[in-house]
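So the chains spell out like this:
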Amino acid sequence: MTAAFRYYPDRDSLMAAAADQFVRLAAAAIGARGRFTVALSGGSTPKGMYRLLGAEPRSAQVDWSKINVFWGDERCVPPDDPASNYRLAREALLDLVPIPSQNIFRMLGEAPPERAAEEYERILRSELPANGAAGRFDLILLGMGDNGHTASLFPGLPAVRERLRWVMAEYVEEVSMWRLTLTPVVINAAANVSFLVSGEDKAEMLARVIEGPVDVDRLPAQVVRPVNGQLRWLVDEPAARRLQHDDRFAEIEQRVGRGGDATS
Ligand code: 6PG
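Residues numbered from 1 in each chain as written. Predicted model: local features only at pLDDT ≥ 70, side-chain atom pairs only at ≥ 80, totals over all residues. Heavy atoms only, no water.

### Some words on the site of the ligand
Among the 16 residues in the neighbourhood of the ligand, the closest are listed as Ser44, Thr45, Asp73, Ala151 and Lys202. Between Asp73 and the ligand, the recorded distance is 2.7 Å, taken from a side-chain N or O atom to an oxygen atom. A distance of 2.9 Å separates an oxygen atom of the ligand from a polar side-chain atom of Asn85. Surface burial for the ligand is 87%, taken as the share of its 410 Å² of free accessible area covered by protein chains. Partitioning the shell around the ligand into residue classes produces two nonpolar, ten polar and four charged. (Near = heavy atom within 4 Å. Polar contact = N/O pair within 3.5 Å; in protein donor to acceptor, adjacent residues only side chain to side chain. Areas by Shrake-Rupley, 256 points an atom, 1.4 Å probe, with all protein chains shown as cover. Nonpolar A, V, L, I, M, F, W, Y, C, P; charged D, E, K, R; others polar.)

Put into structure tokens, the structure is as follows:
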């Protein structure tokens, strides 16, 4: 498995590149299979990308009638709660483009967590094409927390080692809330997985995840290793500042993906 690292001078250029990648991958998937399935990331980083996608010229470059939008994780809150990842994407993008409501598959943050996880897995099983053990997204967008979590795979919690379920609910002490998350089973079945990492505050953790020892329980972002998909790290220079290797624009073997099992 290889990981492509793309570096950008600043957050704005990173957001523009991520939006352009979305347009490009969507056109390719729609051309090949008539639709594009994407799991959006939560958190604050992708908001700029969503806004660019929801505005000219990019919004006109996407056939929104063929875009199916999902989420990589969700906070267990109502859809209009300020903490909702669905609300973030709805306000920054989905309310601004002609995407049919039936193409939007939100996680039911307002439902009992375990039931919401089971319901979302049922939806994924019916909506995604099979790819071995799991359904295959065309694109999964991910962020990385400064503690090494991604989606809602948090350090020390069982979901990072899940081998069967595609969606799990977990109570996360660190943020004092229930969360819903895709598990590595479905993340690593995706055709494309893109991390968006921005800012000096992520620099130390990014270096640990990319260049440090493999320890997925402490650094869940390391578990992301698409089995037969493309992993891309889109990062800005402030976030890349602590990386030792100058792998600008290089395709390199990501340490955790060198044939080994990242969860070992
Ligand atoms: C969430 C996200 C989470 C996020 C990271 C980074 O629900 O919070 O899915 O995994 O991507 O915490 O968050 P920022 O982009 O806000 O730094």
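Having seen the model, we can carry on.
### Structural notes on the pattern of salt bridges
Under the counting rule described, the total for this entry stands at 14 salt bridges. Linking Glu127 and Arg35 is a salt bridge whose minimum nitrogen-to-oxygen distance equals 3.4 Å. Taken together, the positions of Glu127 in helix α4 (residues 113-127) and Arg35 in the loop between α1 (11-33) and β2 (36-40) put the pair 92 residues apart, joining distant regions of the chain. Here Arg35 falls in the partly exposed class, since its relative accessible area comes to 24%. (Salt bridge = Lys/Arg side-chain N within 4 Å of Asp/Glu carboxyl O. Helix = DSSP H or I, 4+ residues; strand = E, 2+ residues; numbered from the N terminus. Buried < 20%, exposed > 50% of the residue type's maximum accessible area, 1.4 Å probe, protein only.)

### Side note on α4
Counted at 1.5 Å a residue, the expected span for α4 with its 15 residues is 21 Å, and the 21 Å between its end C-alpha atoms agrees. Within the sequence span of α4, burial applies to Pro113, Ala116, Ala117, Tyr120, Glu121, Ile123 and Leu124. Down the axis of α4, the smallest arc covering the buried residues is 160°, so these residues share one side. Among the exposed residues of α4, those pointing more than 90 degrees away from its buried face are Arg115, Glu118 and Ser126. In the core, the buried residues of α4 are packed alongside β3 (67-71), β8 (167-172) and β9 (177-182). (Expected span 1.5 Å × (residues − 1). Arc of directions from axis to C-beta. Contact = heavy atoms within 4.5 Å.)

### Notes on the pairing of strand β10 (residues 192-197)
Of all six residues in β10, six are buried; the element is thus mostly enclosed. A two-sided burial pattern is seen for β10, the buried positions comprising Asn192, Ser194 and Leu196 on one face and Val193, Phe195 and Val197 on the other. When strand β7 (residues 139-142) meets β10, the two strands line up parallel, connected through three bridges. Paired with Leu142 across the two strands is Phe195, which belongs to β10. Pairing geometry for β10 and strand β11 (residues 230-236), over six bridges, is parallel. Counted as the bridge partner of Asn192 is Gln230 from β11. What joins β10 to β11 is helix α6 (residues 203-211), and the crossover it makes is right-handed. (Pairing = 2+ DSSP bridges. Right-handed = clockwise from strand over helix to strand, strands pointing away.)

### Observations concerning the sheet that holds β9
Strand pairing in a sheet is mediated by backbone hydrogen bonds. Such pairs are either parallel or antiparallel. With respect to topology, three strands assemble into an open sheet ordered β4-β9-β8, the strand pairing being antiparallel. Taken across any chain shown, the strands that pair with only one partner, and hence form the sheet edges, are β4 (73-75) and β8. The average undirected angle you get between the axes of adjacent strands in this sheet is 20°. Here six bridges tie β8 to β9, and the two strands are oriented antiparallel to one another. Residue pairing in the sheet places Glu170 in a bridge with Arg179 of β9. (Axes fitted to C-alpha atoms, helices over the stretch in contact; angles between N-to-C directions.)

### Notes on the confidence of the model for the chain
Predicted coordinates in regions of low pLDDT should not be interpreted in detail. Per-residue confidence for the chain averages 92 on the pLDDT scale, and 92% of its residues sit at or above 70. Below pLDDT 50 for its whole length, residues 248-264 participates in 50 contacts with residues either more than four positions away or in separate chains. (pLDDT = per-residue confidence, 0-100.)

### As for the pairing of β7
Alternating residues of β7 divide into Leu139 and Leu141 and Ile140 and Leu142, and every residue in both groups is buried. Where β2 meets β7, two bridges bridge the pair, whose relative direction is parallel. Bridge pairing links Val38 to Leu139 in β7.

### Considering the environment of Ala111
Structurally, Ala111 is set in the loop between α3 (85-92) and α4. Relative accessible area serves as the criterion here: at 15%, Ala111 is assigned to the buried category. A C-alpha to C-alpha distance of 8.3 Å links Ala111 and Pro78, two positions 33 residues apart in sequence.

### Details of α6
Along an α-helix, a turn takes 3.6 residues, which lines up residues three or four apart on a common side. When you tally the buried positions in α6, you get seven out of nine residues, the bulk of the element. Buried within α6 we find Ala203, Met205, Leu206, Ala207, Val209, Ile210 and Glu211.

### Concerning the side chain of Asp73
Examined against the element boundaries, Asp73 turns out to sit in strand β4. Assessed through its relative accessible area of 5%, Asp73 is described here as buried. In terms of polar contacts, Asp73 uses its side chain to reach the side chain of Ser152, at 2.6 Å. Every residue in contact with Asp73, bar those within four places of it in the chain, is listed here: Gly42, Asn85, Met107, Ala151, Ser152, Arg179, Leu180 and Thr181.

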